[in-house]
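Per-entry structural report
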Amino acid sequence: FPYDANVGANKANYFINKSLYLKTGIADDGLISHTLSVQYKNSSPSNVFPTGLYRNYFQILLPLNTTLKNVTKNGIKVDEISIKDDLYKQVGFFFEVAPKETVEIKIEYSLNEKIGQDKSIYQFVIQKQIGAPNSDFVLEVSTAKNIHVLNQNFSPVVKGREIIYNTNLSTDKIFLIELIKE
């Protein structure tokens, strides 16, 4: 569940277009790793109030059994990160997006629990932030040669060992993927 808080005391969030891209890889040992890319485009016409610089405190809730590997902003490592373990792993940090600029946030993490032998169900939930406009969302799942997708509750495009699904976050989404490991 990624969510934002405009802390700039302006209305710049009205001019923010956000798109999310989640790349999920399932390795031959069953390890599930993720790279979430969130792109923020600030279409504010200028720095004049009430538009202008988008000052955002970004937070994401991840499963508690997650190992956070890397967080970057435009390819540069973000060092000042708040991490709290409670019911979920909560990761948060501050960044800015200037008018007519685009910023890409990337978060790399893996689940500490692996896909087991035989059949498994992988469930992924992404939630829409209440009050936020719809965002584009792309889910890409790739598997190792010894792991096969048997079924899923959505209609993806299949390309080799990858399944890709495009949608928008007008509501919360629950993705179920049935896997078999040889």
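Residue numbers restart at each chain and count upward from 1, following the sequence in its written direction. Local features in a predicted model are, by the rule used here, given only for residues with pLDDT of at least 70; side-chain atom pairs are given and counted only at 80 or more, and totals for whole chains, interfaces and linings are based on all residues. Side-chain figures throughout are based on the complete set of non-hydrogen atoms in the structure, without hydrogens or water.

Topic: the nonpolar core
Here the nonpolar core consists of buried residues drawn from Ala, Val, Leu, Ile, Met, Phe, Trp, Tyr and Cys, with membership extended through side-chain atoms lying within 4.5 Å. The classification of residues rests on relative accessible area computed with a 1.4 Å probe and restricted to protein chains. Under 20% of the type maximum is buried, over 50% is exposed, and intermediate values are partly exposed. Within the largest apolar cluster, 38 residues are counted, with the highest numbers of intra-cluster contacts made by Tyr-40, Phe-95, Phe-124 and Phe-137. Think of it this way: any DSSP run of H or I at least four residues long counts as a helix, any run of E at least two long counts as a strand, and we number them from the N terminus. For this core, the secondary structure elements donating two or more residues are β2 (16–26), β3 (32–42), β4 (54–62), β8 (89–97), β9 (102–111), β10 (118–126), β11 (136–143) and β15 (173–181). When residues no more than four places from it in sequence are discounted, the contact partners of Phe-95 are Tyr-40, Tyr-54, Arg-55, Asn-56, Phe-58, Lys-73, Val-103 and Ile-105. The contact definition used throughout considers only heavy atoms, calling two residues in contact when any of these lie within 4.5 Å.

Thoughts on the sheet that holds strand β7 (residues 82–85)
Spatially, the four strands line up as an open sheet ordered β1-β4-β8-β7, and their pairing is antiparallel. Each edge of the sheet is formed by a strand with only one pairing partner; in this case those strands are β1 (2–6) and β7. Taking each pair of neighbouring strands and ignoring which way they run, the sheet shows an average axis angle of 20°. Note that β4 and β8 share nine bridges and pair antiparallel. In this analysis, strands are considered paired if DSSP registers two or more bridges between them. Fitting a line to C-alpha atoms yields each axis, with helices limited to the stretch in contact; the angle taken between N-to-C directions then spans 0 to 180 degrees.

What to know about the environment of Tyr-54
One can find Tyr-54 in strand β4. Between the alpha carbons of Tyr-54 and Thr-35 there is a distance of 24 Å; along the sequence they are 19 residues apart. Filtering out sequence-adjacent residues up to four positions away, Tyr-54 remains in contact with Asp-4, Asn-6, Ala-12, Asn-13, Ile-16, Tyr-40, Asn-42, Phe-95, Glu-96 and Val-97.

Describing a nonpolar patch on the surface
The residues that make up patches have over 30% relative accessible area and no salt bridge, and they are joined within 9 Å when like-charged or within 5 Å when they are Val, Leu, Ile, Met, Phe, Trp or Tyr. Here, Shrake-Rupley sampling with a 1.4 Å probe gives the accessible areas, and only protein chains in the shown set may cover a residue. We define a salt bridge as a side-chain nitrogen of Lys or Arg found within 4 Å of a carboxyl oxygen belonging to Asp or Glu. Taken together, Ile-121, Val-125, Ile-174 and Leu-176 make up a surface patch of nonpolar side chains, about 340 Å² in accessible area. Its location among the elements puts Val-125 in strand β10.

Topic: the environment of Glu-140
Structurally, Glu-140 can be placed in strand β11. Accessibility expressed as a relative area gives 6% for Glu-140, which makes it buried. The spatial distance from the C-alpha of Glu-140 to the C-alpha of Pro-156 is 9.0 Å, given a sequence separation of 16 residues. The contact partners of Glu-140, leaving out residues within four places of it in the chain, are Tyr-21, Leu-22, Lys-23, Thr-24, Glu-162, Ile-163 and Ile-164.

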